[in-house]
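Below are the chains, spelled out letter by letter.
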Amino acid sequence: MNFNLCGNSQNSDEDYSGIGIKLMGKIADELSYTRTSDGRNCLLMVKYLFQPVPPQPSTPARCFKRAIDVLHSFNWLQEQRTPQSGRTSNQPIHKISLEVNTDFKAVTQVLWWVEQLEPLPIPATVLQLCKLAAIEGFTNAVRHAHKTLPLETPIELAIAVFADRLEIEIWDWGKPFDLKTKLKKELPEKTLFSWNDLGFTLH
């Protein structure tokens, strides 16, 4: 999977911001942006592992294969849940974190970091979208949130794997912005009542 990290030099920062918001909105099933008491911002993107699929004509062989596929998909997740652990769907099965400087060169490090999840039984499409979301969130933080901040200013990333979803967090020290207003500006054809068409829930 190739990522265009530099883009077109003729585009403004505002253009990149709009593209980034639209892209993350398309990737995420749920999206939120909050300001914390310590002066940081947290962008949270949630992606569910298993999406509804259109019904297909059923045959005994297809039903049997589907049952086997589901059992295989959940086998690793079930093995992680021991009676002693008391884990629930609200507790992560696996979690990784990373702190990098405000430097576009760190995007390779971000990509390698996300690739730690490859051994886990995460659907390939979801994992690729997770990589794209992490890279987009990181580059947006560098380009916009930390635009006037020193190179040494940290950007923190975290991914938590749950039984049914991935949660991606991007933490920055920039000035906060109104995500809902930004989305309304970038997607003027959408109303608050039709944003479900974008495929995500806005908090």
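Residues numbered from 1 in each chain as written. Predicted model: local features only at pLDDT ≥ 70, side-chain atom pairs only at ≥ 80, totals over all residues. Heavy atoms only, no water.

In the nomenclature of an unreviewed UniProt entry, the protein corresponds to Serine-protein kinase RsbW from the organism Microcoleus asticus IPMA8.

K.L.:
Break down the pairing of strand S5 (residues 165-172) for me, with residues and values.
P.N.:
Each regular strand shows side chains that alternate between the opposite faces of the sheet. Across the 8 residues of S5, 7 count as buried, placing the element largely inside the fold. Taken together, the 8 bridges between strand S2 (residues 41-48) and S5 define a ladder with antiparallel strand orientation. Residue pairing across strands places asparagine 41 opposite aspartate 172, the latter belonging to S5. Following strand S4 (residues 155-161), the chain reverses through 3 residues before pairing antiparallel with S5. (Buried < 20%, exposed > 50% of the residue type's maximum accessible area, 1.4 Å probe, protein only. Helix = DSSP H or I, 4+ residues; strand = E, 2+ residues; numbered from the N terminus. Pairing = 2+ DSSP bridges.)

K.L.:
Can you tell me about the nonpolar core, naming the residues and giving the values?
P.N.:
Residues Met45, Leu117, Ile122, Phe138 and Leu157 are the most contacted members of the largest nonpolar core, which totals 39 residues. Counting only elements with at least two residues in this core, the list comes to helix H1 (13-27), strand S1 (30-35), S2, strand S3 (94-100), helix H3 (107-114), helix H4 (124-145), S4 and S5. With 10 residues, H4 is the largest single contributor of residues to this core. If sequence neighbours within four positions are ignored, isoleucine 122 has contacts with Leu49, Leu117, Leu127, Val161 and Leu166. (Core = buried A, V, L, I, M, F, W, Y, C linked by side-chain atoms within 4.5 Å. Contact = heavy atoms within 4.5 Å.)

K.L.:
Let's hear about the packing of aromatic side chains: which residues, and what values?
P.N.:
By the definition in use, this model includes 1 aromatic pair. On the basis of an interplanar angle of 40° and a centroid distance of 4.5 Å, the ring pair of tyrosine 33 and phenylalanine 177 is categorised as tilted. Here tyrosine 33, found in strand S1, pairs with phenylalanine 177, found in the loop between S5 and helix H5 (179-186); they are 144 residues apart in sequence, far enough to count as distant. Judged by relative accessible area, phenylalanine 177 falls into the partly exposed class, the value being 37%. Between arginine 165 and the ring centre of phenylalanine 162, over which it is positioned, the NZ or CZ distance is 3.9 Å. (Phe/Tyr/Trp six-rings, centres within 6.5 Å; stacked < 30°, edge-to-face > 60°. Lys NZ or Arg CZ within 6 Å of the ring centre and 35° of its normal.)

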